[in-house]
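Single-letter residue listing:
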Amino acid sequence: MAHRSIATLAALTLAAVTLTMTAAPAHAAGANPAWKIEVILYKNTDVTYTDAGVSHHFVGTLVPAEVSRAISDATQFVNTDIPALSSGNQRPSLSVKTIDTALSNLGPDVDGGWTPNPSTTASDQDPGFDSYIVLWQSFGWDFTAAHSDNIAHDGGLTWPMGSAPTFSSIPVPYMGTDTNPQRNTLKHEWGHAILGYYDAVGAAPKPAVDNHHPETSVNCHTGQGYVLVDENDLNLVPNSIFNDTSGFTHDYYSGSTANAGDPTQCLGIGPATWAAGGPVTKPVGSPDLVVTSFGWSPTAPTTGVSVTFTATIKNQGTAATPAGTKHGVAFLVDGTSIAYSDTDTASLAPGASITLTANGSNAGGATWPATRGKHTALAWVDDVNRIVESNESNNKSASKALNVYSPTAPSSVTISAGTVRAGSVSSLAKADNINYQINSTTASTRTTTWSGTIPNLPNSTPGLQVRYKGANSVSTSETLSIWNYTTNAWVPLKTSTVGTTPSTTTVIPPGTSADYVSGASGSGSVKIQVKHTSASSSFYTSNDLLSVGYL
Ligand SMILES: [Zn+2]
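Note that the structure is predicted; figures quoted are calculated from it, not measured.

The rules behind each value
- Think of each chain on its own: its residues are numbered from 1, step by step along the sequence as written.
- Note on the predicted model: pLDDT of at least 70 is required for a residue's local features to be given, and 80 or more for side-chain atom pairs to be given and counted; whole-chain, interface and lining totals, by contrast, use all residues.
- An automatic or database domain assignment provides the domain bounds reported here.
- Residue pairs are scored as contacts if the distance between their C-beta atoms, which are placed from the backbone, is within 7 Å.
- Under the scheme applied here, ten amino acids are nonpolar (Ala, Val, Leu, Ile, Met, Phe, Trp, Tyr, Cys and Pro), four are charged (Asp, Glu, Lys and Arg), and all others, including Gly, are polar.
- The numbering of helices and of strands both runs from the N terminus, where a helix is a DSSP run of H or I of at least 4 residues and a strand a run of E of at least 2.
- Every helix has an expected span of 1.5 Å times one less than the residues it contains.
- Axes are fitted to the seven residues ending at a residue and to the seven starting at it; the angle between these axes is taken as the bend at that residue.
- Exposure in this text rests on C-beta crowding, where 20 or more other C-beta atoms within 10 Å of a residue's own make it buried, 12 or fewer make it exposed, and counts in between make it partly exposed. The C-beta atoms are placed from the backbone.
- Should DSSP find at least two bridges between two strands, the strands are taken to pair.
- An axis is simply a line fitted to the C-alpha atoms; with a helix, the fit covers only the stretch in contact. Between two such axes, the angle follows the N-to-C directions and lies from 0 to 180 degrees.

A. Seen up close, the domain arrangement of the protein. Partitioning the protein into domains gives domain 1 (4-173 + 182-200), domain 2 (203-277), domain 3 (289-403) and domain 4 (407-550). Computed over C-alpha atoms, the centres of domain 3 and domain 4 are 37 Å apart. In this assembly, 4 residues from domain 3 lie in contact with 5 residues from domain 4. Across the side of domain 3 that touches domain 4, the residue classes tally to 1 nonpolar, 2 polar and 1 charged.

In structure tokens:
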């Protein structure tokens, strides 16, 4: 099919717009917010478009019987089919607007034909609706070519609108006929519309259901599959994709489809999703859970350490969370849930916060055994969607970097100022209050200076981390430095004042890690210098730990 573009729009005398409001549904409103659906029905199409350089003037008209059947089908779809298909979880309302003025502005469809779209019909969409469904005439007469034509090459289209009101367009001839009464096209396109919306706001269970492929799905309760056949009112097929009570579309609108490969995990638009409301129509007063902070302990874990995660969650919504329902929080490392909290069930008032600590995981333990490397972590409140919220897409915290270093102890020590008082290099391997003690010099500025050599560190590491723990018999000035093998100089890492209380310093050397590792490739050693000074009092320093970790 040649590419077509609209060159000019037909200029016609404009007829008045007629508004027809249909009666509200006869049944009582359900507990869930009722979607407001506006059907916009164009009786006439009059468009001029260009195809392969040739201008075509096309006119189509819905005869009165087609108009009344389209309205009747839409009414039956909204008032009867949707409640049945959703197992009573959705009882929408319908407004039908019929327009005499010819539809004259179309855009391309996805198969080389033409269709009204969200922007070409924007001025006819009344505000306040959750869904717009445009019905129009695509069959008519091409006055240029002097033959009949159908300018729609798709039987129905639904646009991805994100969290905005949904939009579908359907040519009336693709809906049912007098001899084949059915609403399959409406069921299919509105199915795209609601799944697109609930996917966009994060309220639909993942993975999304594909309503083009019912054959890949089963009912998650019965395991029954579906058949890809159209049904009509005169020939109902129980497990056809469109059956109101047992087909794929029914199960999809009721949250009871499942992928055949995971047949018990219920997917689709379930009761909790319907309760989240539509693009415009929301529940009156809803909780809204967010993660306001999260972290882990210890804050700088090394390889093999058990890490405990904690998150503070807040209800920033306008209603309390239901008592007895868990405020679940999942903690993810590199995208995988490694721990969760699922013990808090007290109602959380609007504006209230609570801090929750991981108490379990899918693997059993409540803590994460840290593994070496660069990781990302995040906290995800209500990850399994137990609580209906006004916004289901703000439950995850931002990701934080979680770097886990594998620590290595020094293999040798060189003293350049001071003398050994007690202990040896092996005393530095662990923070265990077994110390390597050094006496200061005894004249002028009293000083201890020593350096540790830490072996077996890869030149290729993306990061190094220096840890030192020590105390002194008097308050001294402490400076930690690292040797730069590229510049052949000590690089100061941190200077602080440390007295008799043991102090732990964790510091990441600046710049390129390989500059601090001897040799050009493979493994080498790192040198850390520890210097303490006191202006006038001789002292000794008690060094408990020195290590260098790598990612
Ligand atoms: Zn489709």
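That was the structure; now back to the text.
B. View of helix α1 (residues 64-85). Between the first and last C-alpha of α1 there are 29 Å, a value that for 22 residues agrees with the 32 Å anticipated at 1.5 Å per step. Taking the largest bend as the criterion, α1 deviates by roughly 40°, centred on Phe 77. Along α1, the positions that sit buried rather than exposed are Glu 66, Ala 70, Asp 73, Ala 74, Phe 77, Val 78, Asn 79, Asp 81, Ile 82, Pro 83 and Leu 85. Against β3 (36-42), β6 (93-99), β9 (131-136), α2 (184-200) and α3 (248-253) lie the buried residues of α1. One or two residues past the end of α1 sits Ser 87, with phi positive at roughly 55°.

C. Structural view of the sheet that holds strand β25 (residues 412-417). As summarised here, the arrangement of the 5 strands in space is β25-β28-β33-β30-β31, forming an open sheet in which the pairing is antiparallel. Pairing within the sheet leaves two strands with one partner each, and these edge strands are β25 and β31 (489-498). Averaged over all pairs of adjacent strands, the angle between strand axes in this sheet comes to 20°, irrespective of strand direction. As paired elements, strand β28 (residues 446-458) and strand β33 (residues 523-534) share 11 bridges and run antiparallel to each other. When the bridges of β33 are listed, Trp 450 appears paired with Val 530.

D. Fine view of the pairing of strand β34 (residues 540-550). Within β34, 11 of the 11 residues are buried, leaving the element largely enclosed by the surrounding structure. Relative to β34, strand β27 (residues 436-439) runs antiparallel, the two sharing 4 bridges. Within β34, the position partnered with Gln 437 by the bridge is Ser 542.

E. Spatial organisation of the environment of Gly 202. By the secondary structure assignment, Gly 202 is in the loop between α2 and β14 (217-219). When the 17 C-beta atoms within 10 Å are taken as the criterion, Gly 202 is described as partly exposed. For the pair Gly 202 and Ser 537, spaced 335 residues apart in the sequence, the C-alpha separation amounts to 66 Å. Here Gly 202 is in contact with Glu 392 and Ser 393, once residues within four sequence places are set aside.

F. Structural context of unusual backbone geometry. Residue Pro 207 is reached from Lys 206 by a cis peptide bond, and omega for that bond is 0°. Of note, Asp 382 is a non-glycine position whose phi angle comes to about 55°, a positive value. Mapped onto the secondary structure, Asp 382 falls in the loop between β22 (373-381) and β23 (400-404). Classification of Asp 382 by C-beta neighbours within 10 Å gives buried; the count is 24. The backbone phi angle of Asn 456 is positive, close to 60°, even though this residue is not glycine. Within the secondary structure, Asn 456 is located in strand β28. Here Asn 456 falls in the exposed class, since 12 other C-beta atoms lie within 10 Å of it.

G. Geometry of the sheet that holds β23. Spatially, the 4 strands line up as an open sheet ordered β19-β18-β22-β23, and their pairing is antiparallel. The sheet terminates laterally at β19 (336-341) and β23, the two strands that pair on one side only. Sheet twist, expressed as the average angle between the axes of neighbouring strands with direction ignored, equals 30°. Pairing of strand β18 (residues 329-333) with β22, which is carried by 5 bridges, proceeds in the antiparallel orientation. When the bridges of β22 are listed, Phe 331 appears paired with Ala 379.

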